[in-house]
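Listed here are the chains, written in short residue letters.
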Amino acid sequence: MSEKLRITLKIADRVYPLKIFPEQEEAYRKAAEKINEQVRYFEQNFPIKDRQDSLAMCAISLATPLSQEVLTNENQRKDNIEKLEKIYRILSEISNNR
């Protein structure tokens, strides 16, 4: 495992020092860039009085797709289990009838 790297990210005009693994740097920088884009979007398009409101809206907009994906995956998993159980029952019936 490599040594941690010290980086500084600027998010919504605040500086955040972090220690991360070098292979994570690009993901962290892209995430910070996406957050800053979202904050600017909310500040330019909505009557937001406080930067914290922009950050909260940003958090909601970025977290919602991930939450939706988790729910979709869970529903798909349940559907797959039901299908496998049905196949198992059918195969058991066929096996018992022989």
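Going by the structure above, here's the rest.
This text gives an overview of the structure that appears in the document.

**Topic: the pairing of strand β2 (residues 14-20)**
So, step 1. The pairing of strand β1 (residues 5-11) with β2 spans seven bridges and is classified as antiparallel. Looking at the pairing, L9 lines up with Y16 of β2.

**A short note on the pattern of salt bridges**
So, step 1. Summed over the entire model, instances satisfying the criterion amount to five salt bridges.
So, step 2. Here E25 makes a salt bridge to R29, at a shortest N to O gap of 2.9 Å. With E25 and R29 both in helix α1 (residues 25-45) and four residues apart, the pair spans about one turn of that helix.
So, step 3. E43 is paired through a salt bridge with R51; the nearest N and O atoms lie 2.6 Å apart.
So, step 4. In this structure R51 comes out as partly exposed when scored by relative accessible area, which is 29%.
So, step 5. Where salt bridges share partners, they join D13, E43 and R51 into one cluster.

Rules of the game
- Residues numbered from 1 in each chain as written.
- Predicted model: local features only at pLDDT ≥ 70, side-chain atom pairs only at ≥ 80, totals over all residues.
- Heavy atoms only, no water.
- Pairing = 2+ DSSP bridges.
- Helix = DSSP H or I, 4+ residues; strand = E, 2+ residues; numbered from the N terminus.
- Salt bridge = Lys/Arg side-chain N within 4 Å of Asp/Glu carboxyl O.
- Buried < 20%, exposed > 50% of the residue type's maximum accessible area, 1.4 Å probe, protein only.

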